[in-house]
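Reading the structure
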Amino acid sequence: ELGDIGKSLLTGRQVVVTAGPTREKIDGVRFISNYSSGKMGFALACAAARRGAEVVLVSGPVALPTPDRVERIDVESAEEMEEAVTRFHQSCDLFIGAAAVADYRPETFRAGKIKKNNETMDIRLVRNPDILAGFAAQKTPGQLAVGFALETEGNEAYALEKLQAKQLDMIAFNTYDGKSSGFEVDTNQITLFTADGTRTELPVMEKKEAAKRMLDALEKMLEKK
Ligand code: CTP
Ligand code: CA
């Protein structure tokens, strides 16, 4: 659909998207991670590229092909993801944090393979940097910061808290019901909240369609900038 190019406010803008899970190493053969498939982030990157944006997709380990006209940077840990994103802090017009970043990582990494020993084992975890909040905290008025909040049903308030706490322009509240919405599935039910107080509830739809609807809403916000 090269025909889409040139008709959008996103044309020529730099869009940076994080996607997928992160992996936090315990030792040479083990890690802590989550079930994120990366589908929502990849759908957003794909849709933005079709609108002519210059897209950088910073992805954790996922089993998805790179969308056309997208620059993909593969990372593993949250710290690596942050390092990659920071390179685009100044240049990007729109940052979308769609990755399921591990909140914690093991305090120490042990090379090789840890042998089993006692009946119990403790792994001390330390907080990872918040990649999205880090971008939002330094952004200039012309830049947009967008996040996701995957919460169990009825927990919209948490999404609103995150919108405010991270100083975002928009947050996509994503209900996790394990079936039609959330990790690994192709569909999603999202509600968009913006910093200026709007609430837009979208029906359950394909993640690809949800990505387009999010970009439509973001284009309207860019128009006002
Ligand atoms: N995020 C991030 N870096 C982190 C944690 C989260 O960039 N270290 C981003 C995610 O990509 C998402 C948003 O922040 O866009 C919200 O992530 P979420 O896990 O829902 O919220 P947290 O702030 O981590 O709070 P909690 O997990 O306690 O609900
Ligand atoms: Ca989290």
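Residues numbered from 1 in each chain as written. Chains lettered and ligands numbered in written order. Predicted model: local features only at pLDDT ≥ 70, side-chain atom pairs only at ≥ 80, totals over all residues. Heavy atoms only, no water.

Details of the site of ligand 1
What surrounds ligand 1 is a group of 14 residues, the closest being Gly97, Ala99, Pro129, Lys162 and Lys166. Measuring from an oxygen atom of ligand 1, one finds a backbone N or O atom of alanine 99 at 2.7 Å. For ligand 1, a nitrogen atom lies 2.8 Å from a polar atom in the backbone of proline 129. Out of a free accessible area of 570 Å², ligand 1 has 74% covered by protein chains. In this structure, ligand 1 is accommodated by the largest pocket. Elements with a contribution of two residues or more to the shell around ligand 1: α3 (131–138) and β9 (144–152). (Near = heavy atom within 4 Å. Polar contact = N/O pair within 3.5 Å; in protein donor to acceptor, adjacent residues only side chain to side chain. Areas by Shrake-Rupley, 256 points an atom, 1.4 Å probe, with all protein chains shown as cover. 1 Å grid on protein atoms, 1.4 Å probe; cavity = no way out; pocket = protein on both sides within 12 Å on 5 of 7 lines; lining within 4 Å. Sits in = over half its atoms within 2 Å of the grid points. Helix = DSSP H or I, 4+ residues; strand = E, 2+ residues; numbered from the N terminus.)

Focus on the environment of arginine 51
Mapped onto the fold, arginine 51 is located in the loop between α1 (39–50) and β4 (54–59). For arginine 51, a relative accessible area of 13% puts it in the buried group. Among the polar contacts listed, one links the side chain of arginine 51 to the side chain of glutamate 219, at a separation of 2.7 Å. (Buried < 20%, exposed > 50% of the residue type's maximum accessible area, 1.4 Å probe, protein only.)

Some thoughts on the sheet that holds strand β13 (residues 199–201)
Spatially, eight strands are ordered β5-β4-β1-β6-β9-β10-β12-β13 in an open sheet, and the strand pairing comes out mixed. If you trace the sheet from one side to the other, it starts and ends with β5 (70–74) and β13, each paired once. Recorded for the sheet is a direction-independent mean angle of 15° between the axes of neighbouring strands. Sheet contacts for helix α2 (residues 78–86): β1 (14–19), β4, β5 and β6 (94–97); angle to β4, the most-contacted strand, approximately 165°. Along the sheet face, helix α5 (residues 207–224) touches β6, β9, β10 (170–176) and β12 (190–194) and points at about 140° away from the line of β9. (Pairing = 2+ DSSP bridges. Axes fitted to C-alpha atoms, helices over the stretch in contact; angles between N-to-C directions. Contact = heavy atoms within 4.5 Å.)

Considering a nonpolar patch on the surface
A grouping of Tyr104, Met121, Ile123 and Leu125 is seen on the molecular surface, where their side chains present a nonpolar patch of about 360 Å² in accessible area. Positionally, tyrosine 104 belongs in strand β7 (residues 104–106). Judged by its relative accessible area of 39%, tyrosine 104 is partly exposed. (Patch = residues over 30% accessible without salt bridge, like charges linked within 9 Å, V, L, I, M, F, W, Y side chains within 5 Å. Salt bridge = Lys/Arg side-chain N within 4 Å of Asp/Glu carboxyl O.)

Some remarks on the nonpolar core
With 36 residues, the main nonpolar core has Val15, Leu44, Ile96, Met214 and Leu218 as its most contacted residues. For this core, the element with the most residues is α1, which contributes eight residues. The contacts of methionine 214, once residues within four sequence positions are left out, are Met40, Leu44, Val146, Phe148, Met170, Ala172, Ile190 and Leu192. Listed in part, the 24 residues of the second largest apolar core include Ile73, Ile131, Leu132 and Phe135. (Core = buried A, V, L, I, M, F, W, Y, C linked by side-chain atoms within 4.5 Å.)

Observations regarding the state of the cysteines
Structurally, a disulfide amounts to a covalent bond that connects the sulfur atoms of two cysteines. Enumeration according to the criterion identifies zero disulfides in this entry. The thiol of cysteine 46 is not disulfide-bonded; the next cysteine sulfur, from cysteine 92, is found 19 Å away. (Disulfide = S-S within 2.5 Å.)

Concerning unusual backbone geometry
Within the chain, arginine 69 stands out as a residue other than glycine whose phi angle is a positive 60°. Mapping arginine 69 onto the fold places it in the loop between β4 and β5. Since its relative accessible area comes to 42%, arginine 69 is described here as partly exposed. If you check the backbone angles, glutamine 167 has positive phi at about 55° while not being a glycine.

Describing the environment of valine 56
Inspection of the secondary structure assignment puts valine 56 in strand β4. A C-alpha to C-alpha distance of 11 Å links valine 56 and aspartate 93, two positions 37 residues apart in sequence. Contact partners of valine 56, with chain neighbours within four places excluded, come to Gln14, Val15, Val16, Val17, Glu71, Ile73 and Phe88.

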